[in-house]
Amino acid sequence: MKIAVFVSGGGTNLQNIIDAIQDGSLPNVEISMVIADRNCLAVERALDVDIPTYLLEDRKAFSEDAQHNLEGEEIDLIVLAGFLSILSKEFVEKWENKMINVHPALLPKYGGKGMYGKKVHEAVLANNEKESGATVHYVTAGIDEGEIILQQAFPIKPGENVDWLAWRISQVEKEILIEAIKKLAK
Ligand SMILES: Nc1nc2c(c(=O)[nH]1)N[C@@H](CN(C=O)c1ccc(C(=O)N[C@@H](CCC(=O)O)C(=O)O)cc1)CN2
Ligand SMILES: NCC(=O)N[C@@H]1O[C@H](COP(=O)([O-])[O-])[C@@H](O)[C@H]1O
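Residues numbered from 1 in each chain as written. Chains lettered and ligands numbered in written order. Predicted model: local features only at pLDDT ≥ 70, side-chain atom pairs only at ≥ 80, totals over all residues. Heavy atoms only, no water.

By the naming in an unreviewed UniProt entry, the protein chain goes by Phosphoribosylglycinamide formyltransferase and is assigned to Moheibacter sediminis. The record in UniProt for the protein chain states the following under Sequence similarities (unreviewed entry): "Belongs to the GART family." (UniProt positions renumbered as here; feature names shortened; annotations may be inferred.)

Visitor: Please explain the site of ligand 2 as it appears in this structure.
Guide: The environment of ligand 2 is formed by 14 residues, the closest being Gly11, Thr12, Asn13, Gly117 and Glu173. Within the contact set of ligand 2, an oxygen atom lies 3.1 Å away from a backbone nitrogen or oxygen of glycine 10. One of the side-chain N or O atoms of asparagine 13 is found 2.9 Å from an oxygen atom in ligand 2. The protein chains hide 86% of the 450 Å² of surface that ligand 2 would expose on its own. (Near = heavy atom within 4 Å. Polar contact = N/O pair within 3.5 Å; in protein donor to acceptor, adjacent residues only side chain to side chain. Areas by Shrake-Rupley, 256 points an atom, 1.4 Å probe, with all protein chains shown as cover.)

Visitor: Would you take a moment to explain the site of ligand 1 for this structure?
Guide: Taken together, 23 residues lie around ligand 1, and Ser85, Asn101, His103, Gly114 and Asp144 are the ones closest in. Taken by itself ligand 1 offers 710 Å² of open surface, and the protein chains cover 87% of this. When the residues that make up the shell around ligand 1 are grouped by side-chain class, the tally is eleven nonpolar, eight polar and four charged. (Nonpolar A, V, L, I, M, F, W, Y, C, P; charged D, E, K, R; others polar.)

Visitor: Explain the packing of helix α5 (residues 118-126) against helix α6 (residues 162-185) here, please?
Guide: Two packed helices can be described by the angle between their axes and the distance between those axes. Relative to each other, α5 and α6 sit at 115°, their axes nearing to 9 Å. Read as a crossing pair, α5 and α6 show a hand that is right-handed. Contact residues: Lys118, His121, Glu122, Val124 and Leu125 in α5; Val162, Asp163, Leu165, Ala166 and Ile169 in α6. Here the contact of α5 with α6 is composed, by residue class, of six nonpolar, one polar and three charged. (Axes fitted to C-alpha atoms, helices over the stretch in contact; angles between N-to-C directions. Helix = DSSP H or I, 4+ residues; strand = E, 2+ residues; numbered from the N terminus. Left-handed = near helix turned anticlockwise from the far one by under 90°. Contact = heavy atoms within 4.5 Å.)

Visitor: Is there a simple way to think about the sheet that holds strand β5 (residues 99-103) in this case?
Guide: Picture the strands of a sheet paired through backbone hydrogen bonds; they go either parallel or antiparallel. If you trace the seven strands from one edge of the open sheet to the other, you get β3-β2-β1-β4-β5-β6-β7, paired in mixed fashion. One side of each edge strand has no neighbouring strand; the edge strands of this open sheet are β3 (53-55) and β7 (148-155). Neighbour-to-neighbour, the strand axes of this sheet turn through a mean angle of 15°, independent of strand direction. Where strand β1 (residues 2-7) and strand β4 (residues 77-80) come together, four bridges link them in parallel fashion. Across the sheet, valine 5 pairs through a bridge with valine 79, a residue of β4. (Pairing = 2+ DSSP bridges.)

Visitor: Would you explain the pairing of β4 in this entry?
Guide: For a regular strand, side-chain orientation follows a simple rule: the groups alternate between the two sheet faces. Where burial is concerned, the two faces of β4 agree: the one with Leu77 and Val79 and the one with Ile78 and Leu80 are both buried. As paired strands, β4 and β5 are joined by three bridges and run parallel to one another. Within β5, the residue paired with isoleucine 78 across the bridge is methionine 99. A crossover links β4 with its parallel partner β5, the connecting element being helix α4 (residues 89-94), and its sense is right-handed. (Buried < 20%, exposed > 50% of the residue type's maximum accessible area, 1.4 Å probe, protein only. Right-handed = clockwise from strand over helix to strand, strands pointing away.)

Here is the structure:
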């Protein structure tokens, strides 16, 4: 299965996919390209292992520019991995059921515009939630509204802070993202 990974940040989710391919946990999966909407550490991680990488910084034109780069590459699945730009309706419809996203919360709660990165964890703690987790879902035109593929929760002990929650969720994201890609590669 040939995948394209879209990134915006530190690239921990991208690195997890790279490592899983290298250690044999994701047989028959190849990262054909990485596309970034901004210069970020994820770009360096991709270039470090010679993955063709494209930096498309025109936000308004991102979806169109990304589609141009994807044309003819026979990509089977797009993975949004810490990706922070909202994709156009046209782009999403073109990749219906062939694009997934990993979100650092238990959707449908704590999703949508403005809900990304540590903003999610701040809201979860501010609401005194007793659990959090991560979700892998199909991408639709609405933000974080697509069908859930995998979700994993864990309890939040009293007194935990944003940094602990971000770290704990990153562990869950690693597990369910690799599992979801493996499931779709079959
Ligand atoms: N059409 C869709 N595009 C995207 C989806 C989706 O489900 N449908 N998922 C997001 C990923 N995401 C959460 O998992 C998410 C990303 C970004 C935002 C957000 O509010 N972004 C800010 C800009 C942030 C920045 O550029 O630094 C904004 O749009 O104002 C919310 C949720 C990816 N795309
Ligand atoms: N809504 C999307 C979102 O909030 N993504 C989040 O950005 C962080 C950094 O990802 P990265 O280290 O893979 O770049 C991750 O926690 C990821 O869930």
